[in-house]
Structures are given as structure tokens and as C-alpha cells.
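Breakdown of the fold
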Amino acid sequence: MKKEIMTGNEAFARGAYEAGCTVAAAYPGTPSTEILENLAQYEGVRSRWTSNEKVALELAAGAAIGGARALAAMKHVGLNVAADPLFTMGYAGVNGGLVVVTADDPGCHSSQNEQDNRFYAPLAKLALVEPSDSQECKDFAVAAFELSERFDIPVLFRVTTRICHSKSLVEL
């Protein structure tokens, strides 16, 4: 099998593509910006920057309600902006897979504060996936879409600055 050195963001984008994600929306902000930049390069994926994180999640949620595999990506503070649709989708459910990427920034490398978005999962009654390297970003992206469709709920995909930007070998 072919192996390639990839960042976590590149690997997640590859995994989302391999999982059949066809709609992706995001609001740019380090450490998550490169997810949409990379996913937009894959044929068949409709990628959109949005005016804020709430709009990104609503766009992705609409696609998932319609049966598509979709994702929304944002940095950790953006999940506060997108909290209303996140909680609503937790009880409304989805028909296609919906993955919500939250890129937390422990240590404030590129943000104004620290927060741990893992706590959103039990509050909104969502599944949480948390990879520890680039290979897991790719593999867990596929698993997250499968979990979302199996249980008809969004899946929160939590990465950190280190996971997003560090590079490791990924088996394609």
C-alpha cells in the first residue's frame, strides 16, 4: 500500500473524501483552515467558505438532512457560535452522515483563549471521536460518518493544534 506524509488536516480531508463526503462547509481559522482547503481539491466535493461557523454547520446539516454525507469545520471558539444548530441537530437527527470538526487550541498557539470542546458531546448527546495522529485522522473520519449514519446523529470530531499541523505517515 502507498504511504504518504500528511498533516492531520490533510489526512482528515482525505478520509472524508474516501468516506464519500460530498458537502463541506467551514469558517477559516487556524488550526482548522487547511481541512477545507484540502477537501476542496477532491473531485465531487462541494466546498464552501461561509460567513461564520453557525452558517457552516447549518449548510452541512441541511445537506445531511437531505441524505448527503457532509461536514462542517471550525476552530474551537467557532463551536460556541455554532452551538444552537449543534444542539438542535443532536435531537433532530440526520439522514446522511454529519461530522462537525472542532479544532481545539490548547496552549493558545493561535487563539485568544483555551476551551475543551469535548464537553459539547455529552451536553448535546452526540458521539465524539478524537484521533491522536494523522493516520487516525484519516481512519476516524470514515468511522465518524459511519457512526453518524448508524445512529442518526452528528458526530463531533475533536482535534487539537498539534494533531492538525503535525505530520506523520498515512497509509492510503
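Coordinates for the structure precede this section.
What you see as residue numbers is a count from 1 along each chain, following the sequence as written. Local features are withheld for residues below a pLDDT of 70 in this predicted model, meaning they are given only at 70 or higher, and side-chain atom pairs are given and counted only at 80 or more; totals for whole chains, interfaces and linings count all residues. To obtain the side-chain values, all non-hydrogen atoms of the structure were included, while hydrogens and water were left out.

**Quick word on the overall build of the chain**
Secondary structure summary: the chain contains eight helices and eight strands in total. Here the C-alpha atoms of the chain give a radius of gyration of 14 Å, agreeing with the 16 Å that 2.2 N^0.38 yields for 172 residues. Expressed as lengths along the three principal axes of its C-alpha atoms, the size of the chain is roughly 40 × 35 × 25 Å. The proportion of buried residues among the 172 residues of the chain is 53%. Summed over its atoms, the accessible surface of the chain is roughly 7600 Å², and 51% of this surface lies on carbon and sulfur atoms. One finds the centroid of the 15 positive side-chain charges in the chain at a distance of 2 Å from the centroid of its 21 negative side-chain charges. Under the DSSP-based scheme used, a helix requires at least four consecutive residues in state H or I and a strand at least two consecutive residues in state E, with every element numbered from the N terminus. Radius of gyration means the value over C-alpha atoms here, while the globule rule gives 2.2 Å times the residue count to the 0.38 power. Burial classes follow relative accessibility: with a 1.4 Å probe on protein chains only, a residue under 20% of its type's maximum area counts as buried, one over 50% as exposed, and anything between as partly exposed. Surface accessibility follows the Shrake-Rupley procedure with a 1.4 Å probe radius. Residue values consider only the protein chains on display as shielding. A positive count includes Lys and Arg, and a negative count includes Asp and Glu. His and the chain ends are not counted in either. Think of each charge as sitting on NZ of Lys, CZ of Arg, CG of Asp or CD of Glu.

**Brief notes about the sheet that holds strand β4 (residues 70–75)**
Taken in spatial order, the six strands of this open sheet run β3-β2-β4-β5-β7-β6, and their pairing is parallel. Each having just a single partner strand, β3 (46–49) and β6 (127–129) make up the two edges of the open sheet. Each adjacent strand pair in this sheet contributes to an overall mean axis angle of 20°, direction not counted. Across six bridges, the pairing between strand β5 (residues 98–104) and strand β7 (residues 155–160) is parallel. Counted as the bridge partner of Ala-103 is Val-159 from β7. Contact between two residues is taken to exist if any of their heavy atoms lie within 4.5 Å; hydrogens are not considered. Note on geometry: axes are lines fitted to C-alpha atoms, helical ones only across the stretch in contact, with angles between N-to-C directions running from 0 to 180 degrees. The sheet contacts of helix α3 (residues 53–65) involve β2 (23–26), β3, β4 and β5, and relative to β4 the element is tilted by about 165°. At least two DSSP bridges between two strands are needed for those strands to be called paired.

**Comments concerning the nonpolar core**
Take the buried Ala, Val, Leu, Ile, Met, Phe, Trp, Tyr and Cys residues and link them wherever side-chain atoms come within 4.5 Å; each set so joined is a nonpolar core. If you look at the biggest cluster of nonpolar residues, it comprises 29 residues, and the most contacted ones within it are Phe-12, Leu-39, Leu-71, Val-99, Val-101, Phe-157 and Val-159. Listed by contribution, the elements that provide at least two residues to this core are α1 (8–18), β2, α2 (33–39), β4, β5, α7 (134–151), β7 and α8 (161–165). If we skip the residues at most four places from it in the chain, Val-101 touches Phe-12, Ile-35, Ala-72, Ala-73, Met-74, Phe-157 and Val-159.

**Quick look at a nonpolar patch on the surface**
Without a salt bridge and with relative accessible area above 30%, a residue can belong to a patch; like charges are then joined within 9 Å and nonpolar side chains (Val, Leu, Ile, Met, Phe, Trp, Tyr) within 5 Å. In the sections that follow, a salt bridge refers to a side-chain nitrogen of Lys or Arg positioned within 4 Å of a carboxyl oxygen of Asp or Glu. Taken together, Phe-87, Phe-119 and Leu-123 make up a surface patch of nonpolar side chains, about 330 Å² in accessible area. Among the secondary structure elements, Phe-87 is positioned in helix α5 (residues 83–92).

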